[in-house]
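Residues per chain, in single letters:
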Amino acid sequence: MRIVRARLSWKDWLFLDYARYLYGIGALMLDLFAPLWLKDEFHVADTLGAVLVFGVLILLIAAEFYGYTILWPEKFLDRDEIEL
């Protein structure tokens, strides 16, 4: 993958790359710790509770993906189509 970012200012780079990476790291951490917190907070010990916590995880991942596509829609286009 070839990354062409040489003509961007530091503010543009900060929004396009660095903020996107921090969003991804934060989303992964939330995906890890939110179900664990729910399990400990509500004392989930049965199968139904585990399925509900898993359902919350799926909804959380969908919401994070939707937020990502709203904030950075050009990531889903071909790099040759992007006008910078």
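Everything numeric here is computed off the predicted structure, so don't read it as measured data. (Residues numbered from 1 in each chain as written. Predicted model: local features only at pLDDT ≥ 70, side-chain atom pairs only at ≥ 80, totals over all residues. Heavy atoms only, no water.)

Undergrad: Could you clarify how one ought to interpret the side chain of E64 in this entry?
TA: By secondary structure assignment, the location of E64 is in helix α2 (residues 47-71). For E64, which is buried and forms no salt bridge, the nearest opposite charge comes from R20, at a distance of 15 Å. Setting aside residues up to four positions removed in sequence, E64 forms contacts with Y23, A27, L30 and D31. (Helix = DSSP H or I, 4+ residues; strand = E, 2+ residues; numbered from the N terminus. Buried < 20%, exposed > 50% of the residue type's maximum accessible area, 1.4 Å probe, protein only. Lys, Arg positive; Asp, Glu negative; His and termini not counted. Salt bridge = Lys/Arg side-chain N within 4 Å of Asp/Glu carboxyl O. Contact = heavy atoms within 4.5 Å.)

Undergrad: What am I meant to see in the packing of helix α1 (residues 10-41) against α2 here?
TA: Axis angle and axis distance: for two packed helices, these are the angle between their axes and the distance between the axes, and together they describe the pair. Two elements in contact, α1 and α2, have axes whose closest approach is 10 Å; the angle formed by their N-to-C orientations is 170°. The angle between α1 and α2 places the two elements in the roughly antiparallel class. Two secondary-structure elements touch here, α1 through F15, R20, Y23, A27, L30, D31, A34, P35 and L38 and α2 through V53, V56, L57, L60, I61, A63, E64, G67, Y68 and L71. Tallied by class, residues from the contact of α1 with α2 come to 15 nonpolar, one polar and three charged. (Axes fitted to C-alpha atoms, helices over the stretch in contact; angles between N-to-C directions. Parallel < 35°, antiparallel > 145°, perpendicular 65-115°, else oblique. Nonpolar A, V, L, I, M, F, W, Y, C, P; charged D, E, K, R; others polar.)

Undergrad: What's the story with a nonpolar patch on the surface in this structure? I'm lost.
TA: A cluster of nonpolar side chains, W10, W13, L14, Y18, L22, I25, M29, L32, F33 and L36, forms an exposed patch at the surface whose accessible area comes to about 1000 Å². Residue placement: Y18 occurs in helix α1. The exposure class of Y18 is partly exposed, given its relative accessible area of 40%. (Patch = residues over 30% accessible without salt bridge, like charges linked within 9 Å, V, L, I, M, F, W, Y side chains within 5 Å. Areas by Shrake-Rupley, 256 points an atom, 1.4 Å probe, with all protein chains shown as cover.)

Undergrad: So what exactly am I meant to see when it comes to unusual backbone geometry here?
TA: Leaving glycine out, the prevailing phi sign among residues is negative, and the prevailing peptide bond configuration is trans. The residue H43 is not glycine, and still its phi comes out positive at about 50°. Here H43 shows up in the loop between α1 and α2. H43 sits in the exposed class, given a relative accessible area of 67%.

Undergrad: Teacher, can you tell me more about the packing of aromatic side chains here?
TA: The way to describe two aromatic rings as a pair is by their centre distance and the angle between their planes. Under the definition given, this model contains two aromatic pairs. Seen in terms of ring centroids, Y23 and Y68 are 6.0 Å apart; in terms of plane orientation they differ by 45°. Their pairing is tilted. With Y23 in helix α1 and Y68 in helix α2, the pair connects residues that are 45 residues apart, well separated along the chain. Note on Y23: relative accessible area 25%, which makes it partly exposed. By relative accessible area, Y68 is classed as buried at 15%. A centroid spacing of 6.5 Å and a plane angle of 75° characterise the contact between W37 and F42, whose relative ring orientation is edge-to-face. (Phe/Tyr/Trp six-rings, centres within 6.5 Å; stacked < 30°, edge-to-face > 60°.)

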